[in-house]
Amino acid sequence: MRLFWMLVRLFRRRRPRIRQTRRYPSEVVPFQRQPAQTETVLRGQCWVIDGDTIVINKQRIRLAGIDAPELDHPWGQRSKWALVQMCKGQTITARIRPELSYDRLVAECYLPDGSDLAAELVRCGLALDWPKFSGGKYRHLETADARRKLWRAAGRQTDSFLPPRF
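Residues numbered from 1 in each chain as written. Predicted model: local features only at pLDDT ≥ 70, side-chain atom pairs only at ≥ 80, totals over all residues. Heavy atoms only, no water.

**Describing the layout of surface pockets**
Put simply, the rule is: Cavity means a closed set of points on a 1 Å grid over the protein atoms alone, one where a 1.4 Å probe fits but cannot get out, pocket means an open set with protein on both sides within 12 Å along at least 5 of 7 lines, and lining means a residue has an atom within 4 Å of a point. Grid points are joined across faces, edges and corners, and a volume is the space filled by probe spheres set on the points. Secondary structure follows DSSP: runs of H or I at least 4 residues long count as helices, runs of E at least 2 residues long count as strands, and numbering of each begins at the N terminus. Residue polarity is assigned by list, with Asp, Glu, Lys and Arg as charged and Ala, Val, Leu, Ile, Met, Phe, Trp, Tyr, Cys and Pro as nonpolar; anything else, Gly included, falls into the polar class.
In this structure, the largest pocket spans a volume of roughly 320 Å³. Around the largest pocket sit 19 residues that line it, and Arg62, Ser101, Arg104, Trp130 and Phe133 are the ones nearest its centre. Going through the elements one at a time, strand S4 (59-63), strand S5 (66-67), strand S6 (92-101) and strand S7 (104-110) are the ones with two or more residues in the lining of the largest pocket. Looking at the lining of the largest pocket element by element, the count peaks at 3 residues for S6. Grouping the constituent residues of the lining of the largest pocket by class yields 8 nonpolar, 3 polar and 8 charged.

**Observations regarding the sheet that holds strand S1 (residues 41-44)**
The test is simple: Note: two strands are recorded as paired if DSSP finds a minimum of 2 bridges between them. Axis definition: a line fitted to C-alpha atoms, limited for helices to the stretch in contact. Angles are taken between N-to-C directions and run from 0 to 180 degrees.
Pairing is mixed in the open sheet, where 6 strands are placed in the order S1-S6-S7-S4-S3-S2. This sheet does not close on itself; its edge strands, each paired only once, are S1 and strand S2 (46-50). The mean inter-strand angle of the sheet, taken between neighbouring strand axes irrespective of direction, is 40 degrees. Here strand S3 (residues 53-56) pairs with S4 via 4 bridges, running antiparallel. Bridge pairing in S4 links Val55 to Arg60.

**Details of the side chain of Thr53**
Rule in force here: Relative accessibility decides the category of a residue: with a 1.4 Å probe and only protein chains considered, values under 20% of the type maximum give buried, values over 50% give exposed, and everything between is partly exposed. Distance and chemistry together define a polar contact, namely a pair of N or O atoms within 3.5 Å, with one atom able to donate a hydrogen and the other to accept it when in protein, and with adjacent residues in sequence counting only for side-chain atoms on both sides. Should any heavy atoms of two residues lie within 4.5 Å, those residues are considered in contact.
Relative to the assigned elements, Thr53 resides in strand S3. Accessibility expressed as a relative area gives 1% for Thr53, which makes it buried. Within the structure, Thr53 has its side chain in polar contact with the side chain of Arg104 (distance 2.6 Å). Excluding residues within four positions of it along the chain, Thr53 makes contact with Trp47, Val48, Arg60, Ile61 and Arg104.

As C-alpha cells, then:
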C-alpha cells in the first residue's frame, strides 16, 4: 500500500498555485472612457449571393433588418435577381454594424442616390421586415400580401414553418 501512495505522489499532476494579490486603494485605476468607435464604411461594386447577402471587397455582408427568402424557397430566385438589377453597375455604400450573422458582417447598404437596398426589397414585396433586428423600421413598406407570399421567411421569424391557410 505504501508503494501505491508513493507512485500516486510521483505521477500526480501538480496544480500551479494561484497567488492572490491584494489591491490597495492606491492601486485602483480610475475609469477611462473608451474612445468613440468610428463608423466603418465599405464602398464598391457588389456581388449578390441571395436576397439579403452581398459581397463587397471580399467581405460578406447581410442586409440589416430584413429577411429575404433563401434561394431554394419560393420567391428566392426572384428576390436575388431583383437585388442584382438594383445593384448592377452601381457603387454600394455599406455602413457596418457591430454584430455578426453566420460569419457575415451586418450593414445598412445604400445606392449612390441614397436609397436603402433593404427598403427597396421590402417595398417590392421580395423581403420582409424583421422587427427583432430592425425595430419595425421597414414594416410600413411591406405589401399587403408579403407575409402570405413569403411564408417560409415569415415562419423563420416566428419559428412556425406551416404554410398559411388561404
